[in-house]
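# Analysis of the macromolecular model
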Amino acid sequence: MEKGKRETVAKYRRVVVKLSGRAIAGSAEFGFDSNALEHLAREIIAVRQSGVEVAIVVGGGNLFRGNQSDRWGIDRVEADNIGMLGTVINSLLLRGKLTALGEDNLRVMTAVPVPAVAEPYIRLRAVHLLEKGATVILACGNGQPFLTTDYPAVQRALELGADAVLAAKDGVDGVYDSDPKLNPNAERFSHLSYDEVISRGLRVMDQSAFILARDFGIPLHIFDIEQQGAMTAICRGEHRGTVITGSAPEDGVAGADAAVMAGSAESVG
């Protein structure tokens, strides 16, 4: 394909990808992994090449988690501020890798001003950039403490007029009726409604993000970021992982006990 031209074969026009810091760490719990970073970058490029506009909300849990403030003996607000700066580091790293792979229309926007390395998040500016074909990387959550990056992922999707949130999980391919890492017989849900996720107490994102998504009816796709091509397939309309919408589930596991699901919510740090 000629550089600068995009296919238009997608179901979704614009998506927000919720990318955890853990995905950047690869198999390690903290830090960075060059192979994992390159995989993430290539997956994002593939989505862009399918004609979809992409904004990415990046977590920072591979560097610092604000919800561990007690462990460090520091104030929670201070800890969350540190975590927000961690998301800036991850965003710049992702931008650098995307640039190295040939992408040249990239912007990092932050909810907390860091003008030396990124531009401030302004909603209409972000929308304009997306319409002009830029990949927009969003750091610092929404700039407020006491929130995970789940909530701003949904918030930004609504602000930017996205069609869906793609919540990338690391090594887990959807929402299960019990923890698949502990129960080899765990069954994966294909489709869930928001109300069912809440009533069952299933942990996919933090509850505040779920309520926001439910109230405004934006679909959530929970999928394994390690599966090559999963994001692009979802954007084409193919089924991957678990989709969560406002409607009653079409299939999936019925009557299962609520349990640990696709992964715990990530602190803004």
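Residues numbered from 1 in each chain as written. Predicted model: local features only at pLDDT ≥ 70, side-chain atom pairs only at ≥ 80, totals over all residues. Heavy atoms only, no water.

### Details of the overall build of the chain
The secondary structure content of the chain amounts to nine helices and 11 strands. A burial count over the chain gives 53% of its 269 residues as buried. Expressed as a percentage of contacts within the chain between residues at least 6 apart in sequence, the contacts between residues at least 24 apart total 77%. Working note: accessible area of the chain is about 11700 Å², and carbon and sulfur atoms make up 49% of it. (Helix = DSSP H or I, 4+ residues; strand = E, 2+ residues; numbered from the N terminus. Buried < 20%, exposed > 50% of the residue type's maximum accessible area, 1.4 Å probe, protein only. Contact = heavy atoms within 4.5 Å. Areas by Shrake-Rupley, 256 points an atom, 1.4 Å probe, with all protein chains shown as cover.)

### Looking at helix H6 (residues 150–159)
Most of H6 is tucked away, with seven of its 10 residues classed as buried. Those residues of H6 not exposed but buried are Asp-150, Pro-152, Ala-153, Val-154, Gln-155, Arg-156 and Ala-157. One or two residues past the end of H6 sits Gly-161, with phi positive at roughly 70 degrees.

### Remarks on the UniProt feature "binding site: UMP" (unreviewed entry) in the chain
Listed under "binding site: UMP" (unreviewed entry) in the UniProt record, and renumbered for this structure, are Gly-60, Asp-80, Asn-142, Gly-143, Gln-144, Pro-145, Phe-146, Leu-147, Thr-148 and Thr-149. Spatially, the listed residues are clustered: although they cover 90 residues, their C-alpha atoms lie within 14.3 Å of one another. Mapped onto the elements of the fold, Asp-80 is located in helix H4 (residues 76–100). For Pro-145, the location among the structural elements is in the loop between strand S5 (135–139) and H6. (UniProt positions renumbered as here; feature names shortened; annotations may be inferred.)

### Some points on the pattern of salt bridges
Going through the model one piece at a time under the given rule, you end up with 16 salt bridges. Among the salt bridges present, the one from Lys-18 reaches Asp-150, with a minimum N-O distance of 3.7 Å. Here Lys-18, found in strand S1 (residues 14–19), pairs with Asp-150, found in helix H6; they are 132 residues apart in sequence, far enough to count as distant. What makes Lys-18 buried here is its relative accessible area of 5%. For Asp-150, a relative accessible area of 3% translates into the label buried. By sharing partners, the salt bridges in this structure join Arg-13, Arg-14 and Glu-53 into a single network. (Salt bridge = Lys/Arg side-chain N within 4 Å of Asp/Glu carboxyl O.)

### Examining the sheet that holds strand S11 (residues 242–245)
With respect to topology, nine strands assemble into an open sheet ordered S4-S3-S5-S2-S1-S6-S10-S11-S9, the strand pairing being mixed. The open sheet has two free edges, formed respectively by strand S4 (119–120) and strand S9 (191–193), since each of these has just one partner strand. By the bridge criterion, three bridges tie strand S2 (residues 53–58) to S5 in an arrangement that is parallel. Across the sheet, Ile-56 pairs through a bridge with Ile-137, a residue of S5. Strand contacts of helix H2 (residues 34–49): S1, S2 and S5, with the helix running at about 150 degrees to S2, the strand carrying the most contacts. (Pairing = 2+ DSSP bridges. Axes fitted to C-alpha atoms, helices over the stretch in contact; angles between N-to-C directions.)

### A short note on H2
Here H2 spans 22 Å end to end across 16 residues, near enough to the 22 Å set by a 1.5 Å rise per residue. Three or more residues of H2 are buried, namely Ala-36, Leu-37, Leu-40, Ala-41, Glu-43, Ile-44, Ile-45, Val-47 and Arg-48. Residues of H2 that are buried sit in contact with S1, helix H1 (21–25), S2, H4, S5 and helix H9 (230–236). For H2, the N-terminal cap is Asp-33; the gap from its side-chain oxygen to the backbone nitrogen of Asn-35 is 3.1 Å. (Expected span 1.5 Å × (residues − 1). Polar contact = N/O pair within 3.5 Å; in protein donor to acceptor, adjacent residues only side chain to side chain.)

### Regarding the pairing of strand S6 (residues 164–169)
Of all six residues that make up S6, six are buried, and the element is covered over most of its length. Neither face of S6 is left uncovered, since the one carrying Ala-164, Leu-166 and Ala-168 and the one carrying Val-165, Ala-167 and Lys-169 both have all their residues buried. In the sheet, S6 pairs with strand S10 (residues 220–224) via five bridges, with the strands oriented parallel. Considered in S10, the bridge of Val-165 is made with Leu-220.

### With respect to a nonpolar patch on the surface
On the surface, Phe-32, Leu-63, Ile-89 and Leu-93 cluster together into a nonpolar patch covering about 320 Å² of accessible area. The class for Leu-93 is partly exposed, based on a relative accessible area of 31%. (Patch = residues over 30% accessible without salt bridge, like charges linked within 9 Å, V, L, I, M, F, W, Y side chains within 5 Å.)

### So, the environment of Val-15
Turning to its location among the elements, Val-15 is positioned in strand S1. With 145 residues separating them in the primary sequence, Val-15 and Leu-160 have C-alpha atoms 9.1 Å apart.

### Focus on the pairing of S1
The buried fraction of S1 amounts to six of the six residues, a majority that puts the element mostly inside the structure. Burial along S1 is two-sided: Arg-14, Val-16 and Lys-18 facing one way and Val-15, Val-17 and Leu-19 facing the other are all buried. Across six bridges, the pairing between S1 and S2 is parallel. Paired with Arg-14 across the two strands is Glu-53, which belongs to S2. Relative to S6, S1 runs parallel, the two sharing five bridges. Each bridged residue has a counterpart across the sheet, and for Leu-19 the counterpart in S6 is Ala-168.

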